[in-house]
Amino acid sequence: MMRFLRLNEVKERVGLGRTSIYKLVNENNFPKPVHVLGRNVAWIDSEIDEWMMQRIADERGDAVPNINY
């Protein structure tokens, strides 16, 4: 099931602050948020999961783990 995550949820999930997240977004190194209503933005949870799995794979030099929820 796809779910939108607000910034506070993304911060908690990835362990980064607002400034770091937006810096990575601007560098195309983090999933971009989508506009959900007016000025409100959110991230797609599966894209955040994929980004986290890729960080693990990059760090360990492994293939991206396949985790089924």
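What you see is a predicted model, and the numbers here were worked out from it, not measured in a lab.

Enquirer: Is there a simple way to think about the sheet that holds strand E2 (residues 34-37) in this case?
Expert: The strands making up a sheet associate through hydrogen bonds between their backbones, and the pairing can be parallel or antiparallel. Strands sit in the order E1-E3-E2 across an open sheet of three strands; the sheet is antiparallel. Two strands lie at the open edges of the sheet, namely strand E1 (4-5) and E2, each paired on one side alone. Pairing of E1 with strand E3 (residues 40-44), which is carried by two bridges, proceeds in the antiparallel orientation. Each residue of the ladder has a partner; that of Phe-4, found in E3, is Ile-44. Set on the sheet, helix H3 (residues 45-60) makes contact with E1 and E3; between it and E3 the angle comes to about 55°.

Enquirer: What is the right way to read the pattern of salt bridges from this model?
Expert: Pairs may arise between side chains of opposite charge once their charged atoms sit close together. Scanning all chains against the criterion turns up four salt bridges. In this structure, the salt-bridge partner of Lys-23 is Glu-27, at a minimum N-O distance of 3.1 Å. Using a relative accessible area of 52% as the deciding quantity, one classes Lys-23 as exposed. Owing to a relative accessible area of 38%, Glu-27 belongs among the partly exposed residues under this scheme.

Rules and cut-offs
Residues numbered from 1 in each chain as written. Predicted model: local features only at pLDDT ≥ 70, side-chain atom pairs only at ≥ 80, totals over all residues. Heavy atoms only, no water. Pairing = 2+ DSSP bridges. Helix = DSSP H or I, 4+ residues; strand = E, 2+ residues; numbered from the N terminus. Contact = heavy atoms within 4.5 Å. Axes fitted to C-alpha atoms, helices over the stretch in contact; angles between N-to-C directions. Salt bridge = Lys/Arg side-chain N within 4 Å of Asp/Glu carboxyl O. Buried < 20%, exposed > 50% of the residue type's maximum accessible area, 1.4 Å probe, protein only.

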